[in-house]
Amino acid sequence: MAAFALSACMTDAEIQATIDAAVEATTTQLTAADGVGTPLATAAPITPTPTSLPVAELIDIETRVTEQGGNVWWRFAYRLTIRNNSDSPLSLGAKIEWQDADGFIIDSTRERDLLLAVGQERTFTGDKLISLPGARNVSQVFASLNR
């Protein structure tokens, strides 16, 4: 029997073509093996199912300067919105990065024990003091989740 491989980077059309080729090859091999020459009934083509939602979904991250401490630091407040798509409560961690226009990290913070009930969407808030002169170069914020 021939081997057929599916890859995560394949398109739906490529996956379906690979599955169709595998069904055809198997049908041909079985037809030849039964000695009669009539093809066996084939099942309907298998349609790949869409990928399921992630267990936790980062909905939004926002930040802004809320205080300037002279020529030493700026306070950046943030709001992090997360949704629990699972069927059980979650305790997550998050990393929040303040970056310059080119994506270089100026500063970051980690949050732990972000608790979400089943199906809950929740906004967590916090702040970070970022030293000058780096604070002046912040132009974007990025967040990632971990378990």
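For the structure, see preceding data.
Owing to the predicted nature of the structure, the values given are computational and were not obtained by experimental measurement.

What counts as what
Residues numbered from 1 in each chain as written. Predicted model: local features only at pLDDT ≥ 70, side-chain atom pairs only at ≥ 80, totals over all residues. Heavy atoms only, no water. Helix = DSSP H or I, 4+ residues; strand = E, 2+ residues; numbered from the N terminus. Buried < 20%, exposed > 50% of the residue type's maximum accessible area, 1.4 Å probe, protein only. Contact = heavy atoms within 4.5 Å.

Q: Residue-level account of the overall build of the protein, with values.
A: Along its length, the protein carries one helix and six strands. Starting at the N terminus and ending at the C terminus, the protein contains elements arranged as α-β-β-β-β-β-β. The buried share among the 147 residues of the protein stands at 25%. Expressed as a percentage of contacts within the protein between residues at least 6 apart in sequence, the contacts between residues at least 24 apart total 61%.

Q: Can you break down the environment of Asn137 residue by residue, with the values?
A: By secondary structure assignment, the location of Asn137 is in the loop between strand 5 (121-131) and strand 6 (140-146). Relative accessible area serves as the criterion here: at 47%, Asn137 is assigned to the partly exposed category. Through-space distance from the C-alpha of Asn137 to that of Gln99 is 7.8 Å; in sequence the pair is 38 residues apart.

Q: An account of the environment of Leu92 is requested, with residue identities and associated values reported.
A: Relative to the elements of secondary structure, Leu92 occurs in strand 3 (residues 90-99). Assessed through its relative accessible area of 4%, Leu92 is described here as buried. Residues Leu92 and Leu114, spaced 22 residues apart in sequence, show a C-alpha to C-alpha distance of 5.0 Å. In contact with Leu92, other than residues within four places in its own chain, are Ala56, Ile82, Glu111, Arg112, Asp113, Leu114, Leu116, Leu145, Asn146 and Arg147.

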